[in-house]
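# Analysis of the macromolecular model
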Amino acid sequence: MTQTWMRPAAWIAVLAALALPIALDLNSYYLHVLNLAWIFAIAALGLQVATGITGQIVLGQAALVGFGAYATALFMMRLSLPWYLALVAAMLLTAAVGVLLGAVSTRIKGHYLAIVTLALNEIFRMVALNEEWLTGGPMGMRDIPTLSIPALGDTIDRQLYFPLLALCFAAYAVTVFFHRARTGRNMRAVRDDEIAAEAMGVDSRRVKTIAFVVCSAWAALAGGLYVLLVGFAAPANFTVFESIKMMLMVVLGGLGSIAGTFLGAVVITVLPEALRGLQTYYLAAFGIGVVAILLLAPRGLGVVGDWLLGAFLTGKREPVGEAPAAPLNLGAAAAAAASALRAHVPAPGAGEALLRVRGVSRSFGGVKALNEVAFDLQRGEILGLIGPNGSGKSTMINACSGTVGVEGSIQLGSDRIDNLAPWTIHARGVSRIFQNVRLWESMTVLENVMVAHRAPRDPAGSREARSRAAALEALASMGVAHLAHRRGGDLSFGQSRLVEMARAIVNKPRLLLLDEPAAGLRGGLILELSQILQHLRAQGMSILVVEHRIKLVMNMCDRVVVLNLGDKIADGRPAEVMDSPAVIEAYLGERIPPEPAAPLAREPAPA
Amino acid sequence: MLGQVIVSGLAMGCIYALIALGYAYVWNTMAIVNFAAGEFLTFSAFVFVATFTTSLQLPFWLAAVLTAAVMAVLGAVFSRLVFARLQRQKALVAIIATVGFGIFLKEMARIIYGPEPLLYTSPFGDGVVALGGLRVPVQQIVIMAVVVAVMALQYLVLRYTTIGKVMRATALDRETALLMGIPVNRVLAGTFAFSSVLAALAGILLAPLFYVTTEMGTLVGLKGFVAMIIGGFGSVPGAILGGVLLGVAENVGAFTISSTYKDAIAFGLLLVFLLVRPQGLLPERNADRA
């Protein structure tokens, strides 16, 4: 177990170790290697943000570093800018490239993004090699003025040791700060499950663009510092191989671990120098090492790094009550809901439609999942959407939340919402849960709910604190507040379902879309769920719920719409709908005409 | 002159098609992209030239067959140890892992065979055949003949056996495929062995055209992947079409636009396709939509 004194002690040891090379007056070659390690640590940090934290694979980080390096050199030599202005200008220019990459990444994903970034790295190398008038060709740019701070020592490596280390730490500190706040949460949500993130209000285009801007800016900072340290830049320094080396740093540090990246960068830079006798083998060992780490120990050095960061990484954790004796606390929540209900009189169907679906169609390949479907959902109503498997229920939910595009019109209040981006629809007060629970598994339960919270943008008070409070309240209302600091991926299916419910209601949406909320809940909890829905309705939410269990539908819905093979076949009060011959036929098949000749034939029991 | 350029583009395109076909097969059974494909090519070229031809002095045909056999065995082993385990991982992890494995393979070639480039002269000589008005080098004719034969063979196997369906079932759901009596492990190892043989063929055919170096396969491997994207991700006919098209476009582009940026042409084409027709020329239904 971690004692309270262990972490500060470890920090003191780390800081002492970092000061040691200067204290011991190490020769300038070793200092040079360490300086390169700090620079690579910054470049790898950018890559970690894009790839490890946001899930956008970049196999061309060296090109971005090179871009920053050449830009810094050119600004200094051609425009005679002082080094700090040149460095900042190079970062801004490279960040602009990052904006372009972000735009590309919204259309080009996964394997395509990998090959495209790799190709861009190759193109960068060719341009640097061939456009001699600008880049100096294969020999690169030489005699770039380097930094010198005479007060700190006699050689440049000694002079720049602490400044580079300080800049590196500053970059890491800034990144850690954003990682645990809204920006970082959104990035991790996009990485874990992009569709869920979009449906919960995360503008994935914006998040990816930010990720690529950070990736590029840190790359350019590293490239500029490199130039200021060594005084030259040549195409051979920024090849695909260098990109892959930076990817090794990220993987060794553990995908997603910021502190691990630093350790990974130090190991990958210093180890080859320490083991110079084994030079022939170390690249092969790194190659196979990546495979082994990914398959056998995916957290890599992040295990150490994340422990060191501790509360810096997660923020302070407020105590959240003990787990209740029962496996889930839904009973208490339902009791609270019931007492709240006695105070409020629900007013379903005030005659005003909140959601107006008209002529909505959608086909997948040759299959018509929805065919000219039309229905209304009244304000304050709980509307059931039922139908056999494959009847288009989930597609309807997806259409209302913006996850799939459709033909036809969907109106929320007085605004059309069909084919809007999911995050825009979420911002208008529509929230949902998914049929197969989609939590962001690497994030804590609390973070899961905080991602969905949209705090109003007023200056008073901290948005972060308000999101936290709102998320805890939503979790408590579903009876799962005690799970707040557990990882999303560690929960049972029933628990995840309730957390997902909390995530959906944290903004008190006008319209709640529930795709089989009772799936995975044990029998007793199902009827309590029905009470919770009544409670949510009493708070002003209107609910569209897809459900298979007829008993539950009869119990909780004011009205029911029945779909079959994409067509609406019934619409009305639950009891009426259940008696409709079309519905019985869709669920149970056609009535067999009585056949008196067959002795064993029995009249099918009426449903 | 342009005719000449197109013919040598066709020959190079046939090589891309071989590699692209390997990608398509691996995608269709394992649902991963093997970014180490180019390094398989490199490694087999070294095995062919350094071990079987130079050290053991074997005749061409025997050396070629043995190289294919060695690569098939290596492919099956690697598949069992590494690649088959990646299907369950996220695409991100699988991509980085195969890239890492590629470095391993490339470095192993350097450790075993040394850093010096090897020269290999074609057993078919450097003669030229006059075809119509064109003068076509024999090696290019050999390349095209071999690749056409391989394509025809794999088509017949897919057409007249259930192997294709078995492969796809394995990719879609390995557990269910196993329950349905498909020998999943053998299917995975077999497919990977086959894609390694394709890479070996490409290495053997390219050896007389390029110096055999540790870098020779890297770009060819990437362009093979570009060819598969152009043809349609995971589509077998698409891979062939994309490969040939890419080879010709690259050569014609280098001839008419800029030979300095010859290697950039493939990537420019890739960007255009991804933005304009991301599903490729002959799209596959189960393509990677990620």
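Residues numbered from 1 in each chain as written. Chains lettered and ligands numbered in written order. Predicted model: local features only at pLDDT ≥ 70, side-chain atom pairs only at ≥ 80, totals over all residues.

## Topic: the overall build of chain B
Counting its regular elements, chain B contains 11 helices and two strands. The linear arrangement of helices and strands in chain B, starting from the amino end, is α-α-α-α-β-β-α-α-α-α-α-α-α. Against the globule reference of 19 Å for 290 residues, chain B gives a C-alpha radius of gyration of 18 Å, in line with a compact fold. Buried positions account for 52% of the 290 residues belonging to chain B. Sequence-distant contacts in chain B: of pairs separated by 6 or more residues, those separated by 24 or more amount to 77%. (Helix = DSSP H or I, 4+ residues; strand = E, 2+ residues; numbered from the N terminus. Rg over C-alpha atoms; globule rule 2.2 N^0.38 Å. Buried ≥ 20, exposed ≤ 12 C-beta atoms within 10 Å, placed from the backbone. Contact = placed C-beta atoms within 7 Å.)

## Notes on the overall build of chain A
A count of helical and extended segments in chain A gives 25 helices and 10 strands. A buried classification covers 49% of the 607 residues belonging to chain A. Counting contacts in chain A only where the partners sit at least 6 residues apart, residues at least 24 apart contribute 75% of the total.

## Some remarks on the sheet that holds strand β7 (residues 511-515) of chain A
Residue and element names in this part refer to chain A. What the six strands build is an open sheet, ordered β6-β7-β8-β3-β9-β10; its pairing is mixed. Bordering the open sheet on either side are β6 (430-433) and β10 (567-572), each of which pairs with just one other strand. Between one strand axis and the next, the sheet turns through 15 degrees on average, direction left out of account. Bridging between β7 and strand β8 (residues 542-546) involves five bridges; their strand directions are parallel. Bridge pairing in β8 links leucine 512 to isoleucine 543. (Pairing = 2+ DSSP bridges. Axes fitted to C-alpha atoms, helices over the stretch in contact; angles between N-to-C directions.)

## Observations concerning unusual backbone geometry
All names here are of chain A. Of note in this structure, aspartate 25 is not a glycine but carries a positive phi near 60 degrees. With respect to the element layout, aspartate 25 can be found in the loop between α1 (6-23) and α2 (28-53). Unusually for a residue other than glycine, asparagine 419 sits at a positive phi of about 65 degrees. Within the fold, asparagine 419 resides in the loop between β5 (415-416) and α18 (422-427). For asparagine 419, a count of 15 C-beta atoms within 10 Å gives the class partly exposed.

## Quick word on the interface of chain A and chain B
Taken together, the contacts link 33 residues of chain A with 32 residues of chain B. Elements supplying a minimum of two residues to the side of chain A that touches chain B: α5 (110-130), α11 (240-253) and α13 (279-296) of chain A. The element that contributes the greatest number of residues to the side of chain A that touches chain B is α5(A), accounting for 12 residues. Its residues placed into classes, the side of chain A that touches chain B shows 23 nonpolar, seven polar and three charged. (Nonpolar A, V, L, I, M, F, W, Y, C, P; charged D, E, K, R; others polar.)

## Quick word on the pairing of strand β2 (residues 134-137) of chain B
All names here are of chain B. By the bridge criterion, four bridges tie strand β1 (residues 128-131) to β2 in an arrangement that is antiparallel. Counterpart to valine 129 in the pairing with β2 is valine 136. Taken together, β1 and the strand that follows it, β2, pair antiparallel across an intervening segment of two residues, in which glycine 132 is found at a positive phi of about 60 degrees.

## Brief notes about the confidence of the model for chain B
Residues and elements named next belong to chain B. With 98% of its residues at a pLDDT of 70 or more, chain B shows a mean pLDDT of 89. When mean pLDDT is taken per element in chain B, helix α2 (residues 37-55) scores highest with 94 and helix α6 (residues 163-172) scores lowest with 81. With pTM at 0.89, the complex prediction returns an ipTM value of 0.88. (pLDDT = per-residue confidence, 0-100.)

## Notes on α11(A)
All names here are of chain A. Here α11 spans 20 Å end to end across 14 residues, near enough to the 20 Å set by a 1.5 Å rise per residue. Counting buried positions over the 14 residues of α11 gives 13, a clear majority of the element. Glycine 254, located one to two residues past α11, shows a positive phi value of around 95 degrees. (Expected span 1.5 Å × (residues − 1).)

## Some points on the pairing of strand β2 (residues 367-378) of chain A
Residue and element names in this part refer to chain A. By the bridge criterion, eight bridges tie strand β1 (residues 353-364) to β2 in an arrangement that is antiparallel. Directly across from alanine 353, in β2, lies its bridge partner glutamine 378. The antiparallel hairpin formed by β1 and β2 contains two residues in its connecting segment, where glycine 365 sits at a positive phi of about 60 degrees.

## Re the packing of helix α12 (residues 258-274) of chain A against helix α14 (residues 302-309) of chain A
Residues and elements named next belong to chain A. α14 packs onto α12 with a crossing angle of 125 degrees between their chain directions and a minimal axis gap of 7 Å. The angle between α12 and α14 places the two elements in the oblique class. Judged by the twist between their axes, the crossing of α12 over α14 is right-handed. Residues Ala259, Gly260, Phe262 and Leu263 of α12 form the contact with α14, whose own contacting residues are Gly302, Val304, Gly305, Asp306, Leu308 and Leu309. Residue composition of the contact of α12 with α14, by class: six nonpolar, three polar and one charged. (Parallel < 35°, antiparallel > 145°, perpendicular 65-115°, else oblique. Left-handed = near helix turned anticlockwise from the far one by under 90°.)

## Section: the sheet that holds β5(A)
All names here are of chain A. Spatial strand order, β2-β1-β4-β5: four strands in an open sheet with antiparallel pairing. Whereas interior strands pair on both sides, the edge strands pair on one side only; in this sheet they are β2 and β5. Taken together, the five bridges between β1 and strand β4 (residues 407-412) define a ladder with antiparallel strand orientation. Counterpart to valine 357 in the pairing with β4 is isoleucine 410.

## A word on the environment of Val480(A)
Residues and elements named next belong to chain A. Mapped onto the elements, valine 480 comes out in the loop between α20 (463-477) and α21 (493-505). For valine 480, a count of 29 C-beta atoms within 10 Å translates into the label buried. Taking C-alpha positions, valine 480 is 40 Å from alanine 43, a pair spaced 437 residues apart along the chain.

## Focus on the packing of helix α7 (residues 156-180) of chain A against helix α10 (residues 204-230) of chain A
All names here are of chain A. At their nearest, the axes of α7 and α10 sit 11 Å apart, and the two run at 175 degrees to each other. Judged on the interaxial angle alone, α10 and α7 are roughly antiparallel. Facing α7, whose interface residues are Ile156, Leu160, Leu164, Leu167 and Ala171, α10 presents Trp218, Leu221, Leu225 and Leu229. In the contact of α7 with α10, the residues fall into nine nonpolar, no polar and no charged.

## A closer look at the confidence of the model for chain A
When pLDDT is averaged across chain A, the result is 87; 90% of the residues are at 70 or more. A low-confidence stretch, residues 598-607 of chain A stays under pLDDT 50, and its non-local contacts, those more than four residues away or across chains, total six contacts.

## Re the environment of Val266(A)
Residue and element names in this part refer to chain A. By secondary structure assignment, the location of valine 266 is in helix α12. Sequence-wise, valine 266 and leucine 34 are 232 residues apart; in three dimensions their C-alpha atoms are separated by 7.6 Å. Among residues more than four places away in sequence, those in contact with valine 266 are Ala37 and Ala41.

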